[in-house]
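Structural characterization, general
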Amino acid sequence: MDVQDSELNGKLNPFKIFRREILPLLADLRLAIALLLIIAICSISGTVIEQGESIPFYQENYPEKPALFGFLTWKVILLLELDHVYRTWWFLSILILFGASLTACTFTRQLPALKSAKRWKFYNKKQQFENLALSAEIETVSLDSLEKILQQKGYQTSKEGDKLYGRKGIIGKVGPIIVHASMLIILAGSIIGSMTGFIGQEIVPSGETFQVKNIVDAGIFAESQIPKNWSVRVNRFWIDYTPEGTIDQFYSDLSVLDKSGEEVDRKTIFVNQPMRYHGVTMYQADWGISAVQVRINKSPVFQLPMAKLNTAGGGRIWGTWVPTKPDLSEGVSLLAKDLQGNVLIYDPTGKLVASVREGMSTEVNGVTLFVDKIIGSTGLQIKADPGIPIVYLGFGLLMLSVLMSYVSHSQIWAWQQNERLYIGGKTNRASVVFEREMLEILDRLEIESGDYGNVSPEDKLFPDFGGG
């Protein structure tokens, strides 16, 4: 009965169950490849499907009829949370499971392989040399001569009596472990970024000051990353145009202000040249027209907001209405499509009555209408991702470890029995290079022993008693 209880307790031991059942499954290469494939597919979906947009956006672009690919609709996207793939619980769970698989593989395979490679192994049987891919049998050569040659070729050697073992390229065994470690670092950085980062969007007119409020996507622990003790002022926004009238570049002159309104940092940003402050990055992402400043006859300057209009052709046009009588009974419409300063004026019937440049005036409805200035607004994408430095570190280690993994781990054994020396070796890659190295070693031993006679080193490297 006691034996049965002991066996039962052994079967129910959580640690033993994990070690015997779960750990081999996690360390299975097939599982790691499957998880990596799933991560790739999910990442592709997150790239193809716009992330962090509003529900009306998905309703417009992914209607139910016709459904994209026959199944992909806005309801499916929201149900599976494909609108923020990289922050979903299921995507993070896959990353964690993949990390667990890498960790299990590292501790069950890579570390034991490194530990085995670091042991000093000695061969003292003829059969052991016969089983090697490359081996030879030489007469009247001492182990000391061979050891000296191996050391000159960069081998670490150890001699025990009549046995010699040399190895080099142990770093090639360390490389795969660093590969796994770097991938774990990348996964950790991705998870940290997903849980603590945020993405915001702001459309800000020139001259206005703002704090980040319009958060479109954020991790569950992102609150601490959102700026609260500093704000940003848009000193100026402008667009450079080519001689043909097309947009060349967008510019935003930004100032970071502390709580008291003092400027603590300033930079002019443009596309691919963002501003970074306290872990928050501001990108130039969009633009618009926010307002127009006009005067009627000798009135003071007044500023009217301009709204973006829906157009059938998909172009970008902003418009506003300007009253030309004090009782607001009459007025004209002003339209602008860019910041080049050209404004179109239409009467209530939709007839074009004038085209005015910024800083000029025209007569409409019996009054003089001055168009003083068109005020642009900059579209900023604001991001914080604390995981990015960790991801960069992981990628740096990954590149280094891949180079390390290509270093060949070469091993050479020798055993001296009476006046005969058995020598053999193997490597895990670059077999042709290793074979040439073995031939060079045999050549030098031949010179010292003078025992080859008419037999070439190649014949000795593949002797009649075995080898490659």
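Structure shown above.
Here's a quick rundown of the structure. (Residues numbered from 1 in each chain as written. Predicted model: local features only at pLDDT ≥ 70, side-chain atom pairs only at ≥ 80, totals over all residues. Heavy atoms only, no water.)

Here the focus is the side chain of Ser 231. Positionally, Ser 231 belongs in strand E7 (residues 231–241). Owing to a relative accessible area of 13%, Ser 231 belongs among the buried residues under this scheme. Not counting the four nearest positions on each side in its chain, Ser 231 is found in contact with Thr 209, Phe 210, Gln 211, Ser 255, Val 256 and Leu 257. (Helix = DSSP H or I, 4+ residues; strand = E, 2+ residues; numbered from the N terminus. Buried < 20%, exposed > 50% of the residue type's maximum accessible area, 1.4 Å probe, protein only. Contact = heavy atoms within 4.5 Å.)

Before going further, it helps to spend a moment on the pattern of salt bridges. This model, assessed by the stated rule, comprises 17 salt bridges. The salt bridge partner of Arg 87 is Asp 217, with a shortest N-O separation of 3.1 Å. Here Asp 217 lies in strand E6 (residues 215–218) and Arg 87 lies in the loop between helix H5 (74–79) and helix H6 (89–117), a separation of 130 residues in the sequence. One exposure class covers both Arg 87 and Asp 217, and it is buried. Between Arg 233 and Glu 263 there is a salt bridge, and its shortest N-O distance comes to 3.9 Å. Here the residue Arg 233 occupies a position in strand E7, and Glu 263 occupies one in strand E9 (residues 263–270), the gap between them amounting to 30 residues. In this structure, a network of salt bridges that share partners links the residues Arg 233, Asp 253, Glu 263 and Arg 266. (Salt bridge = Lys/Arg side-chain N within 4 Å of Asp/Glu carboxyl O.)

A full pass over the atoms with the stated rule returns 14 aromatic pairs. Between the aromatic rings of Phe 57 and Tyr 58, the centroid separation amounts to 5.5 Å while the plane-to-plane angle is 85 degrees, which identifies the pairing as edge-to-face. By relative accessible area, Phe 57 is classed as partly exposed at 22%. Relative to Tyr 422, the ring of Trp 415 lies with its centre 5.5 Å away and its plane at 25 degrees, an arrangement referred to as stacked. Taken together, the ring pairs in this structure connect Trp 120, Tyr 123, Phe 129, Tyr 165, Trp 413, Trp 415 and Tyr 422 into an aromatic cluster. Sitting above the plane of the Trp 120 ring, Arg 167 keeps its charged end 4.0 Å from the centroid. In this arrangement the basic side chain of Arg 295 is found over the ring face of Phe 370, its NZ or CZ atom lying 4.3 Å from the centre. (Phe/Tyr/Trp six-rings, centres within 6.5 Å; stacked < 30°, edge-to-face > 60°. Lys NZ or Arg CZ within 6 Å of the ring centre and 35° of its normal.)

The next thing to look at is a nonpolar patch on the surface. Residues Ile 17, Phe 18 and Ile 22 make up a contiguous nonpolar surface patch of roughly 230 Å² in combined accessible area. In this fold, Phe 18 is placed in helix H2 (residues 14–26). The class for Phe 18 is partly exposed, based on a relative accessible area of 36%. (Patch = residues over 30% accessible without salt bridge, like charges linked within 9 Å, V, L, I, M, F, W, Y side chains within 5 Å. Areas by Shrake-Rupley, 256 points an atom, 1.4 Å probe, with all protein chains shown as cover.)

On to the nonpolar core, then. In terms of nonpolar packing, the biggest core is built from 43 residues, with Leu 254, Val 292, Val 322, Leu 334, Ile 345, Leu 369 and Ile 382 touching the most fellow members. Residues in contact with Ile 382, not counting those within four places in the same chain, are Phe 198, Ile 199, Gly 200, Glu 202, Phe 210, Val 212, Val 280, Thr 281 and Met 282. In this structure, Ala 32, Val 85, Leu 102 and Ile 191 belong to the second largest nonpolar core, which totals 20 residues. (Core = buried A, V, L, I, M, F, W, Y, C linked by side-chain atoms within 4.5 Å.)

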